[in-house]
Structures are given as structure tokens and as C-alpha cells.
Amino acid sequence: LYAGMCDGMTYKEIEQRFPDEFLRRQSDKLAYRYPRGESYMDVTLRLEPLAHEMERTREPLLMIGHQGILRILYAYFMGLSRSEAPYVAIPLNHVIVLSPHAYGCHEERICLMDKTEMLKDGQDEPVTSMPMKAMANKLKYDGNNNIRSSPSSQEEEDAILNAPSC
């Protein structure tokens, strides 16, 4: 999903710099189109031929993509409505195995790396479902690389920090 003028910005930055756009997206995530960007509906229409081709394939497929793309494809194969697609949980560092059968798909989720491991991977760039570097710097580790101190209560209430993981 191309965010146009907001590409590369965090949701917090969008809320601060473009409060009206932020509210419009909050009210209709499916149809909202970023300025000079695209909407979930635009991407859904773009992915439709791919989804049909994937259905015809009889061999195993591996799809790697951005969360927005994976949400749409997941919703399609799981029989969810278009309006549900933008809200599907696609956690980072997971493999989601969908096995089609006569009336839908069987799903298996495999966690490759949990949040505590993501904090210790040396990456400086924040990721949507993990704490920002500033928070990672606040954590204290013992000799076995286990977290010794927990975040503040304000950080515990943060929806991004508490996004689904393993």
C-alpha cells in the first residue's frame, strides 16, 4: 500500500503533520486513499488477478510481502469480507501457512522471532509491532540476554508495543 505524501512516516507523524488525513483514514481504512497514494480498495483491485492465479496453482506457494498486501490476500483466501481485510492481524516475523480444502483454508501460524529477540537483533529502525529504539535502550539485560526491567506503565498501555506477537 503506497502511502503517497505520507510514505515513510509513522502513524504518529501522520497524526501530527496531517491530522485531517489521519482522522479520515481512521474512519474508513478500506476506502481511504492517501494523498498521492492508494487505498486498500486500490490494492485489492490490483491483487485480484494475482489471487485468481494463486488459486489455480496446485503447487505450494511462498508469498512474502508488506503487511497490507498480505492482509488482502489472507482475507481473500480465508473468505473474509473486503471491509475486514485492513484489520487482519499479520504479525511480523511469522509464517502463516494456509492449506486450502473444500470449504476454506486451514491456518497454521509459526513464530520465527518473538518481541524480546527483535529487541536484541541490533536493528536501529523501528518496526510497527515492536518498540522503538528509544524504548529498547531503556531495557536492561542480564548476562543471559534476558530482560531484567520492564517498561513503564505508559509503555505497557501502548497499542503498538502490545501488538500481537508469539
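Going by the structure above, here's the rest.
Remember, it's a predicted structure, so these values are computed and weren't measured experimentally.

S.K.: Explain the packing of helix α3 (residues 40–56) against helix α4 (residues 67–78) to me, using residue names and the numbers behind them.
M.R.: Contact geometry for α3 and α4: axes closest at 10 Å, N-to-C directions at 55°. Classified by the angle their axes make, α3 and α4 are oblique. Crossing of α3 against α4: the hand is right-handed. Contacts from Tyr-40, Val-43, Thr-44, Leu-47, Leu-50, Ala-51, His-52, Met-54 and Glu-55 of α3 reach α4 at Gly-68, Ile-69, Arg-71, Ile-72, Leu-73, Tyr-76 and Phe-77.

S.K.: How would you sum up a nonpolar patch on the surface? Please name residues and give values.
M.R.: A cluster of nonpolar side chains, namely Val-95, Ile-110 and Leu-112, defines an oily patch on the protein surface of about 240 Å² accessible area. With respect to the element layout, Ile-110 can be found in strand β2 (residues 104–111).

S.K.: Mind laying out the packing of aromatic side chains, listing which residues take part and the relevant values?
M.R.: Under the defined criterion, the tally for this structure stands at 2 aromatic pairs. Taking the centre distance of 5.2 Å and the plane angle of 80° together, the rings of Tyr-32 and Tyr-34 count as edge-to-face. For Tyr-34, a relative accessible area of 5% gives the class buried. For the ring pair Tyr-76 and Phe-77, a centre distance of 5.1 Å and an interplane angle of 85° mean the geometry is edge-to-face. With relative accessibility at 33%, the residue Tyr-76 sits in the partly exposed group. Residue class for Phe-77 comes out buried when judged on its relative accessible area of 18%.

S.K.: Give a description of the environment of Phe-77 that names residues and reports values.
M.R.: Within the fold, Phe-77 resides in helix α4. It is 8.1 Å that separates the C-alpha atoms of Phe-77 and Leu-98, two residues lying 21 residues apart in sequence. Contacts of Phe-77, omitting those with residues within four sequence positions, involve Ala-51, Met-54, Glu-55, Leu-98 and Cys-105.

S.K.: Can you break down unusual backbone geometry residue by residue, with the values?
M.R.: The backbone phi angle of Arg-36 is positive, close to 60°, even though this residue is not glycine. For Arg-36, the location among the structural elements is in the loop between α2 (19–27) and α3. Arg-36 sits in the exposed class, given a relative accessible area of 72%. In this structure, Asn-93 is a non-glycine residue whose phi angle is positive, near 60°. Mapped onto the fold, Asn-93 is located in the loop between α4 and β1 (94–101). On the basis of relative accessibility, which here comes to 31%, the residue Asn-93 falls in the partly exposed class.

S.K.: Go over α2 with me, naming the residues and quoting the values.
M.R.: All of the buried residues in α2 are Glu-21, Phe-22 and Arg-25. Looking straight down α2, one finds its buried side chains confined to an arc of 100°; they lie on one side. The outward face of α2, more than 90 degrees from its buried face, is lined by the exposed residues Asp-20, Leu-23 and Ser-27.

S.K.: Can you explain the nonpolar core? Please cite residues and give values.
M.R.: Counting residues in each nonpolar core, the largest one holds 11 residues, listed as Leu-30, Tyr-40, Val-43, Leu-47, Ala-51, Met-54, Ile-69, Ile-72, Leu-73, Phe-77 and Cys-105. Taken together, the elements giving at least two residues each to this core come down to α3 and α4. The leading source of residues in this core is α3, at 5 residues. Every residue in contact with Leu-73, bar those within four places of it in the chain, is listed here: Leu-47, Leu-50, Ala-51, Met-54 and Met-63. Residues Cys-6, Ile-14, Tyr-32 and Tyr-34 belong to the second largest nonpolar core, which totals 7 residues.

What counts, and where the lines are drawn
Residues numbered from 1 in each chain as written. Predicted model: local features only at pLDDT ≥ 70, side-chain atom pairs only at ≥ 80, totals over all residues. Heavy atoms only, no water. Axes fitted to C-alpha atoms, helices over the stretch in contact; angles between N-to-C directions. Helix = DSSP H or I, 4+ residues; strand = E, 2+ residues; numbered from the N terminus. Parallel < 35°, antiparallel > 145°, perpendicular 65-115°, else oblique. Left-handed = near helix turned anticlockwise from the far one by under 90°. Contact = heavy atoms within 4.5 Å. Patch = residues over 30% accessible without salt bridge, like charges linked within 9 Å, V, L, I, M, F, W, Y side chains within 5 Å. Areas by Shrake-Rupley, 256 points an atom, 1.4 Å probe, with all protein chains shown as cover. Salt bridge = Lys/Arg side-chain N within 4 Å of Asp/Glu carboxyl O. Phe/Tyr/Trp six-rings, centres within 6.5 Å; stacked < 30°, edge-to-face > 60°. Buried < 20%, exposed > 50% of the residue type's maximum accessible area, 1.4 Å probe, protein only. Arc of directions from axis to C-beta. Core = buried A, V, L, I, M, F, W, Y, C linked by side-chain atoms within 4.5 Å.

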